[in-house]
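Descriptive analysis of the structure
Below are the chains, spelled out letter by letter.
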Amino acid sequence: MKILIASDHAGFELKEYLKKKLTQYFFEDLGPSSESRVDYPDFAKKVCEKIKPEDTNQNPTQFGVLICGSGQGMAMTANKYPHIRAALCWDHTTARLSREHNNANILCLGGRLIPFSLACEIFEIFMKTEFAKGRHSDRVKKIKT
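All of the points below concern the structure found in this document. (Residues numbered from 1 in each chain as written. Predicted model: local features only at pLDDT ≥ 70, side-chain atom pairs only at ≥ 80, totals over all residues. Heavy atoms only, no water.)

**A few points about the overall build of the protein chain**
When you go through the protein chain residue by residue, the secondary structure sums to six helices and five strands. Taking 2.2 N^0.38 as the reference for a compact globule, 145 residues should give roughly 15 Å; the C-alpha atoms of the protein chain span a radius of gyration of 14 Å, in line with that estimate. Expressed along its principal axes, the backbone C-alpha trace of the protein chain runs to roughly 45 × 25 × 25 Å. Looking at the protein chain residue by residue over its 145 residues, the buried ones come to 52%. At a minimum sequence separation of 6, the contacts of the protein chain that also span at least 24 residues come to 68%. (Helix = DSSP H or I, 4+ residues; strand = E, 2+ residues; numbered from the N terminus. Rg over C-alpha atoms; globule rule 2.2 N^0.38 Å. Buried < 20%, exposed > 50% of the residue type's maximum accessible area, 1.4 Å probe, protein only. Contact = heavy atoms within 4.5 Å.)

So, in structure tokens, the structure goes:
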């Protein structure tokens, strides 16, 4: 499975770390290519526009990772797209619940706020957790309206 990944300058180092440490995944890096100052909305847009709206229902097969200093700016930008459910995660529980209850398809991380080793763990939990469906499906459908 291809994972779309992007950051801004504040998240660049964590983005590179994840790609290096999580070699069992194939990341499509949508930038940036250096730590030079960039604007996070530009890179959130690149990821969100590559995720197909028809692939975001019960069993998404496309996932993204967005990283900025706090993760908040990326999450706010990504969630402007109606087919995106971006989750800002900072621990194991938020990663698991964002997938299990909310069927999140983009993981947002704060490159300046969490240890890089924890970011790897959060990513692994996010990717391995399945959507619980059931009563959560009705709730997720309401997000779009």
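Once you've had a look at it, read on.
**Remarks on the sheet that holds strand S4 (residues 86–88)**
Spatial strand order, S2-S1-S3-S5-S4: five strands in an open sheet with parallel pairing. The open sheet terminates on both sides in strands that have one partner only, identified here as strand S2 (26–29) and S4. Each neighbouring strand pair of the sheet contributes to a mean axis angle of 25°, computed without reference to strand direction. In terms of strand pairing, S4 meets strand S5 (residues 106–110) through three bridges, oriented parallel. Residue pairing across strands places Ala-86 opposite Ile-106, the latter belonging to S5. (Pairing = 2+ DSSP bridges. Axes fitted to C-alpha atoms, helices over the stretch in contact; angles between N-to-C directions.)

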